[in-house]
Each structure stands twice: as structure tokens, then as C-alpha cells.
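A structural walkthrough
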Amino acid sequence: MVKTILEESKNNSAADAAASTDNRERAVLVSVIRDNQDPRQAEEFLEELEFLAETADIRSVKRFTQRLPQPSSRIYVGPGKLEEIAGYCKENEIDVVIFDDELTPSQTRNIEKEMPCRLLDRTRLILDIFMSRAQTAYAKTQVQLANYEYMLPRLSGMWTHLERQRGGTGTRGGAGEREIETDRRIIRNRIAKLKEDLKKIDRQMAVQRSNRGAMVRVALVGYTNVGKSTLMNLISKSEVFAENKLFATLDTTVRKVVFDNLPFLLSDTVGFIRKLPTELIESFKSTLDEVREADLLVHVVDISHPQFEEQIDVVKQTLQEIGAGDKPVYLVFNKVDAYTYVEKDEDDLTPPTRENRSLDELKQSWIARANTPCIFLSARTKANLEKFRSDLYGMVREIHAGRYPFNNFLY
């Protein structure tokens, strides 16, 4: 007993020491649970928000939730809950409060009046991550465009130090131009310039794609952090950046792959996510041209994630939005090595849930859905990878044979 207490004390002191040396910003997370929403789903959203914060190098220390029919149009949460959050932030010297939805400009202004620290909403957080991860000029231009479009309606109240600039000539000038109007004009000009730059880059990339000839194109798509880049590296023997963080890959990477003398193009694209900001969807539509022009989509799914079926729906919806919903799809369930389940007791008569299904039961349920071909593998341990290569070869060969019916020497 004494030994256990000593061990717990030692673990707590080690955790305190680690926290004291952690120089990252400290944050609290805030979410509203709608009346018709499952609390477990809201918890999953907060888990994802915390992962986003970690990706942005912010440490989450506490979560606040409140059940409401809809978020308050004025302050997102109720007045009492906002007061509680503000008091906690002041008492614990919190650096940032992160909200799990996109805040309107009026909500942001009203909440800022009560908070002793800065605010981030989900959209701003994702934009910050994209800005830090963008590598190529193309990705940087797209993220800058999304950032300016997000900022434009939120400029009100930021320039109270300069109400007006004096206008006109002589002693009786006109009202002049407000500082906020000047700033809006500057941002609109920058947005127009960035859109022109993107059009130029789009034309260059269209020429690059046309130079690839009529080769079969395969695109890896899926939710963020499901292992697309790891799978890309295994198939193409390339070194695409892969990391256990959200949005590790922003730039589309295209590699030529050859399976048994059968060549095709494989592209790795940006991952999708719930509540993806509309500014980013619009800005990155041109990046997803590789998806729209692909002959086959390899939809990678993290089978170990508790909400993987919902993630599949998010990806399908996003594919519909960008005009790629009718493409043939090969469903790849990745991370089988990380899959866990809770076995039900024999005397438990309640219906089984997702958490109670074994991997074999899950395989049978999905394989039974004959609409979409699928495979279960692990990119990390390379389990079932040869079967995946064989299946992919067969699908690419079928497309290739339809395009070049007399080119039999390849197989």
C-alpha cells in the first residue's frame, strides 16, 4: 500500500515537472452539445480539436461543454458558462480559448469583451496549421487567400485608434476614409492579386498534367491522419513527409509507379476533416484537380478510429462537393494493427455496439457490402500489403486495357 502511494506520488511529481518545462501555450477547449447530438460524438469532436491544438503546438488543459438547442448567436455559450470560462482562464493564466465551431464576427467581439486571453475558433486554428505547414508557393498562395477571406468580415473594431483619415482639400474637407475601409480595400486588392496568381499556377499545372499523356491516374484520398502518405511511400518507394499529426501533407505529390511493367501515376492529396472551413474548400479546389482527374480513388480509412464510419461519410461528402463523387473507389482500411474492441459478457443481453465488434466481424460486415471493393491492411507493419498491390494492379490493368486495347505487351 505504502509502495503504491509512493509510486503515485512519484508519477504526479514527474508529470508536474514535465508540465513546468512545457513552454507551449496553454488552452481551454469549448464546445456546445446540441440537443439532438450524441454526447459521445461531441466528445470525439473535442478529441479532434485537442489533436488540432497539439498540431499547432498548443497544450490543452481543460474542456468546457454545455448542452444547448443551438449555440448562442451572441456569445456561443450561455452567459453563466462564459463567466465560468473567463474566471477559470483568469485564475489559471490561460493563454488561449479555442471554440469547436467557427465564430461569427459579432460572437468574437462579444466574447473578447469578457475573456482575459485571446480567442481562436476551429477555422482560425485550421488556417494557422495550414499556414505553418504550407511548403510550395502554390500551397502558400492558397492558404493566404483563405486567410484573407476569413479576415475580411472580421476587421470591424480592430482600428478604433484611428477613426477617420481627414479627406478633401482646404479647411473644410470631407469625412475622409475610415481606417477600416482602407484596410478592407487593401485586403480586397490582395485577394484579387492572389486569385490571379492562382489562375497562373493552375494554367502551369494543367500544362504539366497534359504532358503526362494518357497514363492511368490513381489518387489517395481520405480523412486527415489515416496513413495516406505512409501508404504512398510504401507503394512508390518515395519519401513523402509523414507524421502522426493532422494535415502533415498539404501539397499534392505525384509519383510514377510501375507494377510488373504496368506504369501509372499515384498522387497523395490533402486530408479532409469535419467542419472544414469553406474558405479552405474554395481555395484548395484547384489542388484537388488531381482527385477530379483521377481514374481511380483509393479511399484510405483509419479502422482503429472509433468514428471511422462518420469519417468515411465526411470524405464522400467532400468528394461530392468537388465534383469527384462518381469516381470508382477502392476502400482501404488501414491501421488494423491498432484496432481494439471490448468483448461482451455472455450474460449481456444488450445489442452489440461498434466497440463490441471484433476485427473479423467488422471485416465480414464490410466485405458483405459488395458495392465497393475493400481490403484490410497495416501500412506500418506491412500486413496484407502484397494483396493490396495485387488488387491495385488488377484495377489499373483493367483501366489501362480499356484505354489501350491492343497494348498487350505490358502484362
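Residues numbered from 1 in each chain as written. Predicted model: local features only at pLDDT ≥ 70, side-chain atom pairs only at ≥ 80, totals over all residues. Heavy atoms only, no water.

A short note on the pattern of salt bridges
- Counting across every chain of the model gives 18 salt bridges.
- In this structure, the salt-bridge partner of Arg 217 is Glu 293, at a minimum N-O distance of 2.8 Å. Taken as a pair, Arg 217 in strand S5 (residues 217–222) and Glu 293 in the loop between helix H10 (289–292) and strand S8 (296–302) lie far apart in primary sequence, 76 residues in all.
- The exposure class assigned to Arg 217 is buried, which follows from its relative accessible area of 11%.
- Linking Arg 380 and Asp 337 is a salt bridge whose minimum nitrogen-to-oxygen distance equals 2.8 Å. In this pair, Arg 380 is assigned in the loop between strand S10 (374–376) and helix H13 (385–403) and Asp 337 in the loop between strand S9 (329–334) and helix H12 (359–367), connecting sequence segments 43 residues apart.
- Its relative accessible area of 34% is what places Asp 337 among the partly exposed residues.
- Three or more residues are tied together by salt bridges with common partners; here these are Glu 43, Glu 47, Glu 50 and Arg 63. (Salt bridge = Lys/Arg side-chain N within 4 Å of Asp/Glu carboxyl O. Helix = DSSP H or I, 4+ residues; strand = E, 2+ residues; numbered from the N terminus. Buried < 20%, exposed > 50% of the residue type's maximum accessible area, 1.4 Å probe, protein only.)

Brief notes about H13
- Relative to the 27 Å expected for 19 residues at 1.5 Å per residue, H13 spans 27 Å between its end C-alpha atoms, a close match to the ideal helical length.
- Along H13, the residues classified as buried are Leu 385, Phe 388, Leu 392, Tyr 393, Met 395, Val 396 and His 400. (Expected span 1.5 Å × (residues − 1).)

Topic: the pairing of strand S6 (residues 253–259)
- Taken together, the seven bridges between S6 and strand S7 (residues 262–268) define a ladder with antiparallel strand orientation. In the sheet register, Val 254 faces S7, and the bridge partner there is Ser 267.
- Linking S6 back to S7 in an antiparallel pair, the connection comprises two residues, with Asp 260 at a positive phi of about 50°. (Pairing = 2+ DSSP bridges.)

Digging into the sheet that holds S10
- As summarised here, the arrangement of the six strands in space is S6-S7-S5-S8-S9-S10, forming an open sheet in which the pairing is mixed. Among the strands making up the open sheet, the edge pair consists of S6 and S10. Put simply, the sheet's adjacent strands are angled 25° from each other on average, direction ignored.
- Examined bridge by bridge, S5 and S7 share four bridges and lie parallel to one another. Bridge pairing in S7 links Leu 220 to Asp 268.
- Along the sheet, helix H11 (residues 308–321) makes contact with S5, S8 and S9, crossing S8 at roughly 150°. (Axes fitted to C-alpha atoms, helices over the stretch in contact; angles between N-to-C directions. Contact = heavy atoms within 4.5 Å.)

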